[in-house]
Amino acid sequence: MKAVRNIMIAATLAVGATGGYAAMKNPMVGGAAMYSTKTIVENAVNSKDHTTLVAAVKAAGLVDTLSGAGPFTVFAPTNAAFMKLPAGTVDTLLKPENKDQLVAVLTYHVVPGRITAAMIGAKAKANGGTATYTTVQGGTLTFKKAGMGWVVIDAKGDRARITIANVMQSNGVIHVIDTVLLP
């Protein structure tokens, strides 16, 4: 019984130290290990949960940018997140004539710098419970604690939940989210 209690205490301390997210050397995302020695693009192409995002990044011409030195923090919507959009939205965004709109949507999910969940938490604590960051697109995303994790709130009040945080990359960090945010 004492051993079980000690394990529970250790697990509680670990969750508290990581802001609710377990620190993993090479976390699995979309069935693939994510390596901190690879770039955002090099890792994302291996995630079966991010094929729509990867296709969008390619169509928007952002592969070279997100393969560059950065650092960048990417809030990466899953395929399921893209499926929540109204029917035809993704197909419309992927058309060459809508490239500017696609770039705006994608860069709305990118914040300059390497921002971890702990950094979001510290900023939120210092600012009355919320942290706000300016995206590469120029809009803002607001973060608020929700249970053991964080929600991301866009300018319209729509919310996405961070489902996997702190996926470290050689040129930044990825936080997987469950909803596409629109500027």
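Above this text sits the structure in question.
Given the structure is predicted, the values throughout are model-derived calculations rather than measurements. (Residues numbered from 1 in each chain as written. Predicted model: local features only at pLDDT ≥ 70, side-chain atom pairs only at ≥ 80, totals over all residues. Heavy atoms only, no water.)

Caption draft 1: Region of the structure containing the packing of aromatic side chains. Scanning the entire structure with this criterion turns up two aromatic pairs. Ring plane angle 45° and centroid distance 5.2 Å describe the contact between Phe75 and Phe143, whose orientation is recorded as tilted. Taken together, the residues Phe75 in strand E3 (residues 72-77) and Phe143 in strand E6 (residues 140-146) connect sequence positions 68 residues apart. We classify Phe75 as buried; its relative accessible area is 1%. Given the relative accessible area of 0%, Phe143 is considered buried. The interplanar angle of 80° and the centroid separation of 5.7 Å between the aromatic rings of Tyr133 and Phe143 together place this pair among those described as edge-to-face. Of the two residues, Tyr133 is situated in strand E5 (residues 130-134) and Phe143 in strand E6; the sequence distance between them amounts to 10 residues. Comparing Tyr133 with Phe143, the two get one shared label, buried. Among the aromatic side chains, those forming a connected cluster through ring pairs are Phe75, Tyr133 and Phe143. Directly above the aromatic system of Tyr133 lies the positively charged group of Lys123, at a separation of 4.0 Å from the ring centroid. (Phe/Tyr/Trp six-rings, centres within 6.5 Å; stacked < 30°, edge-to-face > 60°. Helix = DSSP H or I, 4+ residues; strand = E, 2+ residues; numbered from the N terminus. Buried < 20%, exposed > 50% of the residue type's maximum accessible area, 1.4 Å probe, protein only. Lys NZ or Arg CZ within 6 Å of the ring centre and 35° of its normal.)

Caption draft 2: Highlighting the layout of surface pockets. The calculated volume of the largest pocket comes to roughly 310 Å³. As for the largest pocket, its lining consists of 28 residues, of which Ile40, Leu53, Val57, Leu66 and Val74 are closest to the centre. Contributions of two or more residues to the lining of the largest pocket are made by helix H2 (40-44), helix H3 (51-60), helix H4 (63-67), E3, helix H7 (99-107) and strand E9 (172-177). For the lining of the largest pocket, the leading source of residues is E3, giving five residues. (1 Å grid on protein atoms, 1.4 Å probe; cavity = no way out; pocket = protein on both sides within 12 Å on 5 of 7 lines; lining within 4 Å. Points joined across faces, edges and corners; volume = space filled by probe spheres on them.)

Caption draft 3: Seen up close, unusual backbone geometry. In this structure, the amide linkage connecting Gly70 to the following residue, Pro71, adopts the cis form with an omega of 5°. Its location among the elements puts Pro71 in the loop between H4 and E3. For Asn166, which is not a glycine, the phi torsion comes out positive at approximately 60°. Checked against the element boundaries, Asn166 lands in strand E8 (residues 159-169).

Caption draft 4: Broad picture of helix H8 (residues 117-126). All of the buried residues along H8 are Ala117, Ile120 and Ala124. The buried residues of H8 occupy an angular sector of 60° when the element is viewed end-on, so they sit on one face. Opposite its buried face, H8 presents the exposed residues Lys125 and Ala126, each directed more than 90 degrees away. Taken from the residues just after H8, Gly128 is the one with a positive phi, measuring 70°. (Arc of directions from axis to C-beta.)

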